[in-house]
Structures are given as C-alpha cells and as structure tokens.
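# Architecture at a glance
Here is what each chain is made of, one letter per residue.
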Amino acid sequence: MNTPNVKQVLYLKQASTLIKNFQKNGFDAYFCQTSHEAREKALSLIPLDHIVSWGGSITLQEIGLLDAIRQRYPVLDRDQATTKEQRNDIMRQALLCDTFLMSANAISLDGTLYNIDGNGNRLAALLYGPRQVIVVAGMNKVVATIADAKQRARTIAAPLNMQRFATQTPCQHTGVCHDCLTEDSICNQFVLTRRSTPSGRIKIILVGTTLGF
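Quick notes on the rules
Residues numbered from 1 in each chain as written. Predicted model: local features only at pLDDT ≥ 70, side-chain atom pairs only at ≥ 80, totals over all residues. Heavy atoms only, no water. Helix = DSSP H or I, 4+ residues; strand = E, 2+ residues; numbered from the N terminus. Buried < 20%, exposed > 50% of the residue type's maximum accessible area, 1.4 Å probe, protein only. Contact = heavy atoms within 4.5 Å. Areas by Shrake-Rupley, 256 points an atom, 1.4 Å probe, with all protein chains shown as cover. 1 Å grid on protein atoms, 1.4 Å probe; cavity = no way out; pocket = protein on both sides within 12 Å on 5 of 7 lines; lining within 4 Å. Points joined across faces, edges and corners; volume = space filled by probe spheres on them. Disulfide = S-S within 2.5 Å. Pairing = 2+ DSSP bridges. Axes fitted to C-alpha atoms, helices over the stretch in contact; angles between N-to-C directions. Polar contact = N/O pair within 3.5 Å; in protein donor to acceptor, adjacent residues only side chain to side chain. Nonpolar A, V, L, I, M, F, W, Y, C, P; charged D, E, K, R; others polar.

In the nomenclature of an unreviewed UniProt entry, the protein is known as Lactate utilization protein of Megasphaera hutchinsoni.

Below, the structure is given as structure tokens:
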C-alpha cells in the first residue's frame, strides 16, 4: 500500500482554499504540483510580444523561469548592467514593462500577499506600472493569518535572504531579526496586498513544493 505524501495532500487542500480567496479578491490564481508545471504555466500567461522584467527572487531561479524568459522574450535584466547607474536605470525602466515577475515573502490563507523590500523596486512594480504581475510562490510561504505573514517575512524570509549578501546587518551575523536601522537593511518597505486592481492584473502561481525563502 502506497502511503500518500501528507505534505502534498495538505498543500492541495490549502491551495484550494487560497485560490477561492484570491479569486474573491480579484487575483487570478493557479496551483501547480511541480516546479516544471509552474514554469510552463507562467510562460503560458505571457504574450510573446511582452517586454519582461523581474525582481530579485530565488524562486524564479529555482524553477528555471528566468532562463526560459531570456530565451523567448525581450527583457529588462538589471544583471546585465555594467555600472550601478545602468542597473538603476534598468530597474526604473522595468516599472513600465509588460510583464513583471516576482515571488512573495508570505501569503496568508485569506488570499493576501505580504512583502518586504529593500530598494522598493520590486514592490513599486507590484503596486503599479507593469501591465501584469506574475507571482510564483512555493506553498512553504503560506501561513494562517496576516499577523503570521508579517512575522514570517521578518523572522524567516529576511534573515535567510540576507545570507546572500556581503553586508553588515545584525541578522546576517546572528540569523535573527533585530529590527535594525542599518544602511544595508532590506526591511525598508512593507506592503500588504489585499486586492488586485484592476481585477486579474496580479496572477498568483502556487507551487506544491518548497521554493525560495
């Protein structure tokens, strides 16, 4: 007798609830069991004539979406910049791209996104500018309430994310959030997205696996 993967069973049930709540809040929402399915779903949502850009995201890298995007679409890729000024210019241009890709720091079961940003470019694009925003998130980022989402973003996602950078924030050294005000802090912008306006502009792809931070 095969024992079901209880985590997959849980994710499927949670995703069913989430999709209903996201749709009620004006988001388009989908559930994919695997990273491959999520990548193909994201690609299916992007017209071939769209200019595409993205915010910093380990999730997008893990599912292979960025490599596929670079091969198929005209892109605004800040990692191709050779100077800090050029990088900043590309991030500004991305605010008027056709499709913007990102992940989420936390998602609550009522269908709310919660995100933290350092520079604010990722959240600026989420709020307004690009014709559509596609959010890809592993089900490991789903929590029960908005309060839980805020706590996850500050105490789990942000300290993990800081381990990637050569900076001097307290959480990089201790692994624990200190509510710091340092110059290198990535906890500068806090955005709770309750609804998608206009309806359908923000599309959520939930993935039945652990992705990102």
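## Section: the overall build of the protein
When helices and strands are counted, the protein shows 8 helices and 10 strands. Taken along the three principal axes of its C-alpha coordinates, the protein extends 55 × 45 × 35 Å. Looking at the 213 residues of the protein, the share that counts as buried comes to 51%. A separation of at least 24 residues holds for 73% of the contacts in the protein among residues at least 6 apart in sequence. Carbon and sulfur atoms form 51% of the exposed surface of the protein, whose accessible area is close to 10700 Å².

## A short note on empty space enclosed by the protein
Taking a probe equal in size to a water molecule and rolling it over the atoms shows the remaining empty space. For the coordinates displayed, the defined rule picks out 2 cavities of 30 Å³ or more. Size it by volume and the largest cavity reaches roughly 120 Å³. Along its surface, the largest cavity is lined by 14 residues, and Cys 171, Cys 177, Cys 180, Ser 185 and Cys 187 are the ones closest to its centre. Where the lining of the largest cavity is concerned, the elements lending two or more residues are helix H7 (146–162) and helix H8 (170–174).

## Looking at the state of the cysteines
Evaluated as defined, the whole model comprises 0 disulfides. Looking at Cys 177, it has no disulfide partner, and the nearest cysteine sulfur is the one in Cys 187, 5.6 Å off.

## Topic: the sheet that holds strand E5 (residues 106–108)
Spatial strand order, E8-E5-E6-E9: 4 strands in an open sheet with mixed pairing. The open sheet is flanked by strand E8 (142–143) and strand E9 (189–193), the only strands paired with a single partner. Taken strand by strand, helix H1 (residues 6–24) contacts E5, strand E6 (112–117) and E8, and its axis lies near 80 degrees from that of E5. Of the strands in this sheet, E5, E6, E8 and E9 are in contact with H7, which crosses E6 at around 25 degrees.

## Examining the side chain of Asp 77
Looking at where Asp 77 falls in the secondary structure, it is placed in the loop between strand E3 (75–76) and helix H5 (84–93). When its relative accessible area of 5% is taken as the criterion, Asp 77 is described as buried. A polar side-chain atom of Asp 77 sits 3.0 Å from the main-chain amide nitrogen of Asp 79. Residues within four places of Asp 77 in sequence aside, it is in contact with Trp 54, Arg 70 and Ile 90.

## Considerations on the layout of surface pockets
Put simply, the largest pocket is a space of about 950 Å³. Arg 78, Asp 117, Asn 161, Arg 164 and Phe 165 are, among the 40 residues lining the largest pocket, the residues nearest its centre. For the lining of the largest pocket, the secondary-structure elements that each account for two or more residues are helix H3 (58–62), helix H4 (65–72), H5, E6, helix H6 (121–127) and H7. Among the elements that line the lining of the largest pocket, the one with the most residues is H7, at 5 residues. Here the lining of the largest pocket is built from residues that sort into 13 nonpolar, 16 polar and 11 charged.

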